[in-house]
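# Notes for the structure review
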Amino acid sequence: DVKNESAIRELLVLSDPDAEFGIQAEQVLSDPGTSGQSQFTAQLILGCRAAAKHQSTLAAEHFRLATDEFENTPAILSNTAWLMITLEEESENRDQLALLFCNQSIDLVNHRSPILPFLLETRGRLLGQMQRWPQAIADLHEVLEHKSDQRHVHSLLATAYDAVGDKVRADQHRQLCGLQ
């Protein structure tokens, strides 16, 4: 469930490394009087630009600074990744960028955070799409420990276990989600 889809779509446009918005974001940050929403937005744009350029260390720093200004940054990054994998044309670059956003969102939260299961579910779905089944299975099992509505997670796990050839576990998860 992605909230404010249009804003997140705009964020994807802003992550274009050649976009003029990056220059404007850098100017905003260079102004010593900048704080609050402007600071957060500029850090988020620069983090997205760095991620698009495969500068993961720089992206992580901008996302951390954005989180200092706005605690919902991990959810925004996860929702952006979700939109990328559901709305954009499939490509290796798209998947790698979405995975970076997922990993950053998880790295930014306390591992007891109530939003962690949702972040892990997004990453588990993405890893499944990338056919990185053991990693997807690990994330999705962790989601099961924390999330009350588990039918969809069991469905994803059934698919993952089918992919690795574990028919018994796949059938167990199909049964748990009501597909059998």
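Residues numbered from 1 in each chain as written. Predicted model: local features only at pLDDT ≥ 70, side-chain atom pairs only at ≥ 80, totals over all residues. Heavy atoms only, no water.

## Here's the deal with helix H8 (residues 133–144)
We apply this condition: Secondary structure follows DSSP: runs of H or I at least 4 residues long count as helices, runs of E at least 2 residues long count as strands, and numbering of each begins at the N terminus. To estimate how far a helix should extend, the number of its residues minus one is multiplied by 1.5 Å. Using a 1.4 Å probe on the protein chains alone, a residue whose accessible area is under 20% of its type maximum counts as buried, one over 50% counts as exposed, and one in between counts as partly exposed.
Over its 12 residues, H8 extends 16 Å from the first C-alpha to the last, a length consistent with the 16 Å expected when each residue adds 1.5 Å. Looking at H8, one finds that the buried residues are Trp133, Ala136, Ile137, Asp139, Leu140, Val143 and Leu144.

## Here we look at the pattern of salt bridges
Quick note on the threshold: Here, a salt bridge means any Lys or Arg side-chain nitrogen found within 4 Å of an Asp or Glu carboxyl oxygen.
Enumeration according to the criterion identifies seven salt bridges in this entry. Arg125 is the partner of Glu121 in a salt bridge, and the nearest nitrogen-oxygen pair spans 3.1 Å. Of this pair, Glu121 and Arg125 are both found in helix H7 (residues 116–129), four residues apart, which corresponds to roughly one turn of the helix. The partly exposed category is assigned to Arg125, whose relative accessible area is 23%. The shortest N-O distance in the salt bridge between Asp166 and Arg169 comes to 3.9 Å. Overall, the relative accessible area of 43% leaves Arg169 in the partly exposed class.

From the geometry alone we can't say anything about function, so treat these as descriptive.
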